[in-house]
Amino acid sequence: MYSVYLKSTPGGARPSAVDAKATARQDLLAGVARLGRMWLSQIPAADPQREHLIRMGILAESLMKNGDHSPAAMRTARMLLCANCRYLGAAPKECAGQALDRCPLLRSSGP
């Protein structure tokens, strides 16, 4: 049986919509990990929130490493990011818990 998912793309070919979505989701997860590291560097060592930030970063990096961009994985990453953001007050009045691709912090943090 022939699978289009296993077919390699020639060097000059444009990436498919599936590849573009995977790349966008990979970038979002990288942004979640980046924000976690930034927040970790800014809070006191004794702050109990550090453990939650570390877990969020580990999850994001694990999902990136394993290529897991499933809706459930992205939803979990969003929930952790939103919970940490609310606790830290990182984006007051800017966010209403929307999808990761609409997160003002991820949109402004860049690659």
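Here the structure is a predicted model, which means the values were calculated and not measured. (Residues numbered from 1 in each chain as written. Predicted model: local features only at pLDDT ≥ 70, side-chain atom pairs only at ≥ 80, totals over all residues. Heavy atoms only, no water.)

Caption draft 1: Here's a closer look at the nonpolar core. Ranked by size, the top nonpolar core spans 23 residues in total, and within it Val-32, Trp-39, Leu-81, Leu-100, Leu-105 and Leu-106 carry the most contacts. Looking at this core, the elements that each hand over two or more residues are helix H1 (17–42), helix H2 (49–66), helix H3 (71–88) and helix H4 (104–109). (Core = buried A, V, L, I, M, F, W, Y, C linked by side-chain atoms within 4.5 Å. Buried < 20%, exposed > 50% of the residue type's maximum accessible area, 1.4 Å probe, protein only. Helix = DSSP H or I, 4+ residues; strand = E, 2+ residues; numbered from the N terminus.)

Caption draft 2: The packing of H2 against H3, seen in detail. Packing of H2 against H3 leaves a shortest axis separation of 10 Å and a crossing angle of 155 degrees. With respect to H3, the element H2 is oriented roughly antiparallel. The chirality of how H2 crosses H3 is left-handed. Two secondary-structure elements touch here, H2 through Gln-49, His-52, Leu-53, Met-56, Leu-59 and Leu-63 and H3 through Ala-73, Thr-76, Ala-77, Leu-80, Leu-81, Asn-84, Tyr-87 and Leu-88. (Axes fitted to C-alpha atoms, helices over the stretch in contact; angles between N-to-C directions. Parallel < 35°, antiparallel > 145°, perpendicular 65-115°, else oblique. Left-handed = near helix turned anticlockwise from the far one by under 90°. Contact = heavy atoms within 4.5 Å.)

Caption draft 3: Structural view of the side chain of Asn-84. Mapped onto the fold, Asn-84 is located in helix H3. Those residues within four positions of Asn-84 in sequence are excluded, and the remaining contacts are Trp-39, Gln-49, His-52, Leu-53 and Met-56.

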